[in-house]
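# What the coordinates show
Given next are the chains, with one letter for each unit.
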Amino acid sequence: MSKVQNAVIASVKTALSWVPAQWLPGGTPDPLIERRVAIGRQDSRLDGPVKASGQARFAAEVEPEGLCFAALLHGTITRGRISRLDTAKAEAAPGVILVLTHRNMPRLGTPPLISTTDLSAVGNSSVPIMQDAELRYNGQVVAAVLAETQEQADHAASLIEIAYEADKAKTRFEDAKPEANTPASILIEKNHVSVGDAEGELARSPHRVDNVYRTPGQNHNPIELHACTVAWKDGTLIVHDATQMIASSAKALAKLFGLKKEQVRVHSPYVGGGFGAKGMWDHQIIAVAAAKLAGRPVRLMLSREGVYRIVGGRSPTEQRVAIGADAEGRFTALIHTGYSIMPPYGACPEQFSLSSRAAYRAGSFEIVQRHLNLDIVPNTFMRAPGEAVGTFAIECAVDELAHEMDIDPIELRRRNDPERHPIHGTAFSQRALMQAYAEGARRFGWERRKARPGASRQSEWQIGMGCASGSFPYVRIPGATISLRLRRDGLVTIACSAQEMGMGTATVQIQHAADRLGLRTEAISFELGDSALPAGPIAGGSSQTVSIAAAITAAADKLAGELLRLAGNDSPLAGLRAKEVQLIDGGIAGIEDPSRHEGYASILARAARDEVAVTATASAPLEMLKFAMHSSSAIFCELRVSDVTGEIRIDRLLGSFDCGTILNPKTAASQFRGGMIMGLGLALTEETLFDERSGRIMNPTLSDYHIPAHLDVPDIEVIWTGIPDPRSPLGARGIGEIGITGVAAAVANAVFNATGKRVRDLPITLDKLL
């Protein structure tokens, strides 16, 4: 995050602005946008039966011979050092194989931190892992125990005697503000954006709102706990992990332990939820080191509390949003500033300020965020990082202005909907948010909403409706590579080290490959979850689907060229070049003259080949820099608030999405609904309770950290425009994170419509309404 990075990216964007769009990836629409058979079909997830029947083996279910079990001990001070450490009782406990502390931990570095300049990096923290007696945050791992059973390991860990010498720690949000850091950039965007005199325009505006919105820290709670099973075999490191970053994890472990790339193999065919949490943390590195010292395979699964202690989550934020408008409701000023936490040893900003940059037209802008340095577990990305909390602030402010001006909230948004990126001036690749609003409002019955707060009631229940916009940027990770093997019998195997976390990776890519190659889905298999395969992208940023799709497209193009070479002069394809053919109907055909066709089996038989194989890497994602590309949504909520207890009951929730081509409606609807349920948690229940006196998380269990339960969730309706993005592979954009954005604001705005009370601090709990 540097000024140099800003200058480089700005130069590339400027250069690309002069390049004709048709010269770039996505310059011409993907032909499959108009030629679809399997794409758009509601195929069931291929991994469903093995998961439902219990045949899928997750990281903590692999059982190599001689397996032993690990338990971790977490420090209980925030800043300081270990002053006394006695492991004798633990070492003497039944079944104990090894007690690992900073005294006997192998000397190791830390994995490279996640960054936009090194997309293969996986580290979430630069804090040394049991390399010294120092503690940098409360919960840091101070010891590990290996034993023959998990129960023995847990018991022995409790016998370790440890004392600390504490130093003064930085734990208070308010106290850290005077020394806040203002980074030069946030991800690939310049941090401080100033267009015109926003403060002056705000002061001169006849209508304005200016408020502070606060969101709490949140912790990750995937249903599958973080776990790995590790074994060293004949100099090769084998890691069965629950990770969103298979290829990158293998590369990082090889570097840390001084191994060659081919000496490390990471398996992760099934991941029980990630949401940004399943990167590389201390436990994998400790397990690898312990297995090497003990000469035994090791399983290390974090407890639920252990996840809270060493795996970061969403940072708290404090955001000021101010909007000025003229008499017609057109924005004259938009200010979005504030604070989040990012310690210097962390890697992941909570990029809330990015959410307002492409949302609305305005005559002036002032956007900047500052980072606070606190001694906490390093935060990490959590579903729609930044946008989830940023849209809460900006969309509540828009609703407040609409009420102040007595304008319908959707109409105010329509008046300020941008035709081009409001700051950069670049063209949107495709944007139909107002169509999503129109269709959503009609389906939801928005016309029944009463503008006056508190006007609708049923007995003790006050009824309200609210809406809000959601947004998430399009991302395509560079370097995605796949192998494609076509056999004479017409069967195809596609392989890359992609991740399957429940979103239907293999299912959707097989649908894509079937249409790309002109085959039935039954003829295609997709191998993933293994670092020995060609390096796939990480599963993050709603990027994996389009990233792999671009690699499959490149492989199909390469396959066409190879098949034309094999076809020779005796084929009806003779004389055609790769750009003049398409893969269709189980073979190759001329684009201009489809009657010039030959099947794959015929080509391979004449060439006396049993199969043909290609490996290809996706084109550079230059479309991301040429165009403004975002998934967007219109979220609608109807709820009830009890004027007796203050409790909130969500009655209806509808999401209307504009996300390009929907590749599989069944899996897409599941992704949208899952995100919206997490949005309900953000709005109503989820909050990490952080003790600023001790620097310790006080609610590290699902008994005390409340996520939505079945009775909290209404029937959720999802619809979409389905308009393809002409600049992206398959016309698709990401859908994994857009669902959560906008939900908290829609709920808060509905609460105001029901009660007349504005709640600007999440979560919206009953004490804030009484």
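Residues numbered from 1 in each chain as written. Predicted model: local features only at pLDDT ≥ 70, side-chain atom pairs only at ≥ 80, totals over all residues. Heavy atoms only, no water.

### Section: the sheet that holds strand β25 (residues 597–599)
Ordered by their spatial adjacency, 3 strands build an open sheet running β23-β24-β25, and the pairing between neighbours is antiparallel. Since the sheet does not close on itself, it has two edges, and those belong to β23 (581–584) and β25, each with one partner. For this sheet, the mean inter-axis angle between neighbouring strands, taken without regard to orientation, is 20 degrees. Sheet analysis places β23 next to strand β24 (residues 587–590), joined by 4 bridges and oriented antiparallel. By the bridge assignment for β24, Q582 is matched with A589. Here helix α14 (residues 544–567) sits on the sheet and contacts β23, β24 and β25; the angle it forms with β23, its principal contact strand, is near 100 degrees. (Pairing = 2+ DSSP bridges. Helix = DSSP H or I, 4+ residues; strand = E, 2+ residues; numbered from the N terminus. Axes fitted to C-alpha atoms, helices over the stretch in contact; angles between N-to-C directions. Contact = heavy atoms within 4.5 Å.)

### What about the packing of helix α13 (residues 505–517) against α14?
In the contact formed by α13 and α14, the axes pass within 10 Å of each other and the chain directions differ by 30 degrees. Relative to α14, α13 is oriented roughly parallel. Considering only the axes of α13 and α14, their crossing is right-handed. Counted together, T505, V508, Q509, H512, A513, R516 and L517 of α13 and Q544, T545, I548, A549, I552, T553, A556 and L559 of α14 form the full contact between these two elements. For the contact of α13 with α14, the class distribution of residues is 8 nonpolar, 6 polar and 1 charged. (Parallel < 35°, antiparallel > 145°, perpendicular 65-115°, else oblique. Left-handed = near helix turned anticlockwise from the far one by under 90°. Nonpolar A, V, L, I, M, F, W, Y, C, P; charged D, E, K, R; others polar.)

### Points about the pairing of strand β12 (residues 236–241)
In summary, the side chains of a regular strand alternate between the two faces of the sheet. When strand β11 (residues 227–233) meets β12, the two strands line up antiparallel, connected through 6 bridges. Each residue of the ladder has a partner; that of K233, found in β12, is T236. Counted between consecutive antiparallel strands, the loop separating β11 from β12 contains 2 residues, among which D234 sits at a positive phi close to 55 degrees. Relative to strand β13 (residues 264–267), β12 runs parallel, the two sharing 4 bridges. In the strand pairing of β13, H240 is matched with H267. Handedness of the β-α-β unit built from β12, helix α7 (residues 246–256) and β13 comes out right-handed. (Right-handed = clockwise from strand over helix to strand, strands pointing away.)

### Comments concerning the pairing of strand β27 (residues 630–642)
Across the 13 residues of β27, 12 count as buried, placing the element largely inside the fold. The pairing of strand β19 (residues 461–473) with β27 spans 13 bridges and is classified as antiparallel. Each bridged residue has a counterpart across the sheet, and for Q462 the counterpart in β27 is V641. As defined by bridge partners, β27 adjoins strand β28 (residues 648–658) across 10 bridges and the pair is classed as antiparallel. Each residue of the ladder has a partner; that of R640, found in β28, is R649. (Buried < 20%, exposed > 50% of the residue type's maximum accessible area, 1.4 Å probe, protein only.)

### A word on helix α10 (residues 387–405)
With 19 residues, α10 extends 26 Å between its outermost C-alpha atoms, agreeing within 8% with the 27 Å of an ideal straight helix rising 1.5 Å per residue. Of all 19 residues in α10, 17 are buried; the element is thus mostly enclosed. Looking one or two places after α10, you find D406, whose phi comes out positive at around 60 degrees. (Expected span 1.5 Å × (residues − 1).)

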